[in-house]
Amino acid sequence: MSPMVELRLFGHPELRVQGRPLVLPLPHKALALLYYLALAEQPVGRETLATLLWPEAPTPTAKHSLRNLLSLLRKALGDGLAITHRTVALQAEHIQSIDVVTFQQGVAAMQNVQARAQSPDLALWQATLDLYRGEFLAGFYIHQSEPFEEWTTLRREYLRKQLITNLLALSEAYAATAATEPALACLDRLLEIDSQNEAAYARQIQLLLTVGRRTEALQRYERYRKMLADEFDISPSPALSA
């Protein structure tokens with residue numbers, strides 16, 4: 001029986017096999033290959049992978065290096081890796097979980113619920129966003145592979161924007177049920193990620209004023225005003241100042 005694979009790609013990446021961290025050490029490029037395959041929606045061509053990881057190497061050298069990495073991954077994952085002469089893929093039946101995939105599926109499900117004007121499951125929405133325990137592949141880097149770094153950067157920013165959008169939307173959903181503290185917590189988390197997000201500050205101030213916490217509202221406004229003045233020498237928009 002082939003081992004079940006669990007990948008945590010938010011924050012510092014982790015690879016677990018059968019519920020435990022992988023004991024067999026793998027080169028960074030082998031891990032990069034695995035992370036890329038984990039988010040691919042279909043089998044990936046071997047030439048694509050060779051170019052991704054060895055963009056400056058002659059084609060025969062890149063293909064040879066790829067064969068070596070695939071051999072290492074096959075030892076670690078067994079039949080969890082589907083390899084043909086042309087393509088490589090992770091076998092879905094051998095994947096226990098991939099946090100980024102679960103996050104994106106959960107976010108898409110919430111969007112569908114909202115599009116149908118239905119009430120979202122706030123606990124499930126919160127659990128989905130809690131999967132984001134740090135930026136995508138935080139601290140992970142491989143040398144001399146600009147295509148992989150570009151892919152990482154684009155994916156990281158896309159996921160970050162998804163989180164920001166959903167934290168703001170979830171805060172609104174909490175507020176609609178008079179759950180002020182969870183709504184404020186969502187906005188606090190958003191501002192940890194995007195400290196210049198005026199919409200989040202405005203919503204915080206509005207929520208606090210609504211429940212009669214005027215002093216806290218003024219403190220939030222002053223914090224934002226000072227941050228803008230210190231870092232950019234500008235003032236909050238007139239709408240927020242009003």
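Look above for the structure.
An account of the accompanying structure is given in this report. Predicted, not measured: the structure shown is a model, and the values here were computed from it.

Attention now moves to the pattern of salt bridges. Any two side chains of opposite charge can pair, on the condition that their charged atoms come close. Counted by the stated rule, this structure contains twelve salt bridges. We note a salt bridge from Glu-135 to Arg-156, for which the minimum N-O separation is 3.9 Å. Remark: Arg-156 occurs in helix 6 (residues 146-176) and Glu-135 occurs in the loop between helix 5 (122-130) and helix 6; sequence separation between them is 21 residues. The salt bridge involving Arg-203 is made with Glu-172; its shortest N-O contact spans 3.0 Å. Remark: Glu-172 occurs in helix 6 and Arg-203 occurs in helix 8 (residues 198-210); sequence separation between them is 31 residues. Note on Arg-203: relative accessible area 13%, which makes it buried. The partly exposed category is assigned to Glu-172, whose relative accessible area is 37%. Here the salt bridges do not stand alone but share partners, grouping Glu-6, Arg-8, Glu-14, Arg-16 and Arg-133 into one network.

The antiparallel open sheet is built from three strands, whose spatial order is 4-6-5. With one partner strand each, in any of the chains shown, strand 4 (44-45) and strand 5 (81-83) form the two edges of the open sheet. Of the pairings in the sheet, the one linking strand 4 to strand 6 (residues 87-90) comprises two bridges and is antiparallel in character. Opposite Gly-45, over in strand 6, you have Thr-87 as the bridge partner. Sheet strands in contact with helix 1 (residues 28-39) are strand 4, strand 5 and strand 6, and its direction is about 75 degrees off that of strand 6.

With that settled, consider the sheet that holds strand 7 (residues 95-98). Taken together, four strands build an open sheet; the order of strands is 3-2-1-7 and the sheet is mixed. One side of each edge strand has no neighbouring strand; the edge strands of this open sheet are strand 3 (20-21) and strand 7. Where strand 1 (residues 5-8) lies against strand 7, three bridges are found, and the strand directions are parallel. Looking at the pairing, Leu-7 lines up with Ile-98 of strand 7. Across the sheet, helix 1 lies against strand 1, strand 2 (14-17) and strand 7, angled at about 95 degrees from strand 1, the strand it touches most.

Right, let's talk about helix 8 for a bit. Here helix 8 spans 18 Å end to end across 13 residues, near enough to the 18 Å set by a 1.5 Å rise per residue. Three or more residues of helix 8 are buried, namely Ala-200, Tyr-201, Arg-203, Gln-204, Ile-205, Leu-207 and Leu-208.

The next thing to look at is the environment of Glu-6. Within the fold, Glu-6 resides in strand 1. On a C-alpha basis, the gap between Glu-6 and Pro-21 in space is 9.2 Å, while along the polypeptide they are 15 residues apart. Excluding residues that lie within four positions of it along the chain, Glu-6 makes contacts with Glu-14, Leu-15, Arg-16, Gln-96 and Ser-97. Within the structure, Glu-6 has its side chain in polar contact with the side chain of Arg-8 (distance 3.1 Å).

Mapped onto the elements of the fold, Leu-15 is located in strand 2. By relative accessible area, Leu-15 is classed as buried at 10%. Separated by ten residues in sequence, Leu-15 and Pro-25 have C-alpha atoms that sit 11 Å apart. Apart from residues lying up to four places away in sequence, Leu-15 is in contact with Val-5, Glu-6, Leu-7, Arg-20, Pro-21, Leu-22, Leu-26, Leu-31 and Leu-34.

Criteria and cut-off values
Residues numbered from 1 in each chain as written. Predicted model: local features only at pLDDT ≥ 70, side-chain atom pairs only at ≥ 80, totals over all residues. Heavy atoms only, no water. Salt bridge = Lys/Arg side-chain N within 4 Å of Asp/Glu carboxyl O. Helix = DSSP H or I, 4+ residues; strand = E, 2+ residues; numbered from the N terminus. Buried < 20%, exposed > 50% of the residue type's maximum accessible area, 1.4 Å probe, protein only. Pairing = 2+ DSSP bridges. Contact = heavy atoms within 4.5 Å. Axes fitted to C-alpha atoms, helices over the stretch in contact; angles between N-to-C directions. Expected span 1.5 Å × (residues − 1). Polar contact = N/O pair within 3.5 Å; in protein donor to acceptor, adjacent residues only side chain to side chain.

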